[in-house]
Amino acid sequence: MRRSLAACLLAGVLMLAGGCATTAAPDGAAPGGTAADASASEPAPAPRNPADPWENWNRKVFAFNTVVDDAVVRPVAQFYANVVPQPVRTGVTNFFGNFADAWSAVNNLLQGKLADTGQDVIRVGTNTVFGLAGLFDVATDLGLDPQREDFGQTLGRWGLPPGPYLVWPLFGPSTLRDSAALPLDRYWGPALAFADERTQYILAGVGLVNERANLLPATRMLDELALDKYVFVRDAYLQRRRSLVYDGNEPSEDDAFEPDPEPEPAAAAASAPTAEPGAAATSPPAPAAA
């Protein structure tokens, strides 16, 4: 399974490198020229997002993922949601979430959040012992809410910038920073507890289908939006990841220092014409009356 992930990521890197050459060049014609006048009737291109320099390539991968999801993944998830009762699906979600809490404890420790680390450890112990190996979320009922930190957030907490936005085939939206954490974040789960590859594939498949089934309501909402789905997903992903890295207390988008505007030079003020003293008070004599 890990070999297949590495091959998929390598193929994505190669395709990404080839797709970088297809990005559009910035507008070169200056306003007022004949070329600008000739193209004045054409609609202006949408402004580029600085965080998405590979938008042309990302849109192609997004379209590919949409086709695969509509043809295979979404129908399987819909069938799963219709056949499997809700209590069973909730238990599957809790079971995988218990392993996610254990991974969250590791990342909270790496980030130096000792209180959150302790809470994650207590959650895992409580749900494992009293929740029948995590099938029931007893810890949340006791007021121990999940933290859910991943290695991508840990890298961000260590100061690694997110880098450009990119879309992976089958894996969906990401950034360069989250892509570096993808192998660990994606494959930490119940499959690691079993040496049998068949069991690992079954657990990974059930987890992915269950995760996709949980996202069906959000997919229906997205289908109803009369917007650019690519832009909506991209902006929502980047905003959410930024908020998660900073625990909801993210700094200003523009951290660059902007100096105060320089005061107007005194010479400029002195160059303005001023009336001489007493000039405003003196006026030409009125003409004498006839």
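Residues numbered from 1 in each chain as written. Predicted model: local features only at pLDDT ≥ 70, side-chain atom pairs only at ≥ 80, totals over all residues. Heavy atoms only, no water.

Asks: Help me understand the overall build of the protein, please; the structure alone is not making it clear to me.
Replies: The secondary structure content of the protein amounts to twelve helices and two strands. Going residue by residue from the N terminus, the α and β elements of the protein occur as α-α-α-α-α-α-α-β-β-α-α-α-α-α. Counting the 290 residues in the protein, one finds 28% classified as buried. Partitioning the intrachain contacts of the protein with sequence separation of at least 6 by distance along the chain shows that 69% fall at a separation of at least 24. Surface exposure of the protein reaches about 18,600 Å², of which carbon and sulfur atoms provide 65%. (Helix = DSSP H or I, 4+ residues; strand = E, 2+ residues; numbered from the N terminus. Buried < 20%, exposed > 50% of the residue type's maximum accessible area, 1.4 Å probe, protein only. Contact = heavy atoms within 4.5 Å. Areas by Shrake-Rupley, 256 points an atom, 1.4 Å probe, with all protein chains shown as cover.)

Asks: Even after reading the chapter, I still don't get the packing of aromatic side chains, so can you show me in this structure?
Replies: Both the distance between ring centres and the angle between the ring planes are used here to describe each pair of aromatic rings. Taken as a whole, this structure holds seven aromatic pairs when the rule is applied. Between the aromatic rings of Phe95 and Phe96, the centroid separation amounts to 5.7 Å while the plane-to-plane angle is 90°, which identifies the pairing as edge-to-face. A relative accessible area of 21% means that Phe95 is categorised as partly exposed. Judged by relative accessible area, Phe96 falls into the partly exposed class, the value being 21%. Here Phe95 and Phe99 contribute two aromatic rings whose centre-to-centre distance is 5.5 Å and whose plane-to-plane angle is 70°, an arrangement assigned as edge-to-face. (Phe/Tyr/Trp six-rings, centres within 6.5 Å; stacked < 30°, edge-to-face > 60°.)

Asks: Can you help me understand the pairing of strand E2 (residues 172-175) in this one?
Replies: Working note: regular strand, side chains alternate between the two faces of the sheet. The pairing of strand E1 (residues 165-168) with E2 spans four bridges and is antiparallel. What sits directly across from Leu166, in E2, is Ser174. (Pairing = 2+ DSSP bridges.)

Asks: Explain unusual backbone geometry to me, please; I cannot follow it from the model alone.
Replies: Apart from glycine, the bulk of residues carry a negative phi angle, and the bulk of peptide bonds sit in the trans form. Unlike most non-glycine residues, Ala133 shows phi in positive territory, near 65°. For Ala133, the location among the structural elements is in the loop between helix H5 (114-130) and helix H6 (138-141). Using a relative accessible area of 39% as the deciding quantity, one classes Ala133 as partly exposed. The phi dihedral of Leu170 falls on the positive side, at around 75°, and the residue is not glycine.

Asks: What am I meant to see in the side chain of Asn108 here?
Replies: Inspection of the secondary structure puts Asn108 in helix H4 (residues 86-110). Judged by relative accessible area, Asn108 falls into the buried class, the value being 0%.

Asks: How should the pairing of E1 be read in this particular structure?
Replies: Burial along E1 is two-sided: the face carrying Tyr165 and Val167 and the face carrying Leu166 and Trp168 are both buried. Counting the residues between successive antiparallel strands, the hairpin from E1 to E2 contains three residues, one of them, Leu170, with a positive phi of roughly 75°.

Asks: Sorry if this is basic, but what is going on with the packing of H4 against helix H9 (residues 197-214) here?
Replies: Packed helices, taken two at a time, are described by the angle between their axes plus the distance between the axes. Axis separation between H4 and H9 bottoms out at 10 Å; the angle between their running directions is 115°. Crossing angle aside, the handedness with which H4 passes H9 is left-handed. Taking contact as the criterion, the partners of Arg89, Val92, Thr93 and Phe96 in H4 are, on H9, Leu203, Val206, Gly207, Asn210 and Asn214. (Axes fitted to C-alpha atoms, helices over the stretch in contact; angles between N-to-C directions. Left-handed = near helix turned anticlockwise from the far one by under 90°.)

Asks: What is the right way to read the environment of Ser179 from this model?
Replies: Relative to the elements of secondary structure, Ser179 occurs in helix H8 (residues 176-187). Given the relative accessible area of 11%, Ser179 is considered buried. As for Ser179 and Val167, which are separated by twelve residues in sequence, their C-alpha atoms are 9.6 Å apart. If near-sequence neighbours (up to four positions away) are discounted, Ser179 is found in contact with Leu166, Trp168 and Ser174.

Asks: Sorry if this is basic, but what is going on with H9 here?
Replies: Side chains three or four residues apart in an α-helix point the same way, a direct result of the helix having 3.6 residues per turn. Between its terminal C-alpha atoms H9 stretches 26 Å, which fits the 26 Å expected from 18 residues at 1.5 Å a residue. Three or more residues of H9 are buried, namely Gln200, Leu203, Gly207, Asn210, Arg212 and Ala213. At its buried positions, H9 is contacted by helix H3 (55-83), H4 and helix H10 (216-224). (Expected span 1.5 Å × (residues − 1).)

Asks: I tried to follow the pattern of salt bridges on my own but got confused; where do I start?
Replies: A side chain of one charge can pair with a side chain of the opposite charge if their charged atoms are brought near each other. Scanning the entire structure with this criterion turns up 18 salt bridges. Measuring nitrogen to oxygen at the nearest pair gives 3.9 Å for the salt bridge that ties Arg74 to Asp70. Taken together, the positions of Arg74 and Asp70, both in helix H3 and four residues apart, correspond to about one turn of that helix. Under the relative-accessibility criterion, Asp70 is labelled partly exposed at 44%. Arg123 is the partner of Asp101 in a salt bridge, and the nearest nitrogen-oxygen pair spans 3.0 Å. Within this pair, whereas Asp101 is found in helix H4, its partner Arg123 is found in helix H5, the two being separated by 22 residues in sequence. (Salt bridge = Lys/Arg side-chain N within 4 Å of Asp/Glu carboxyl O.)

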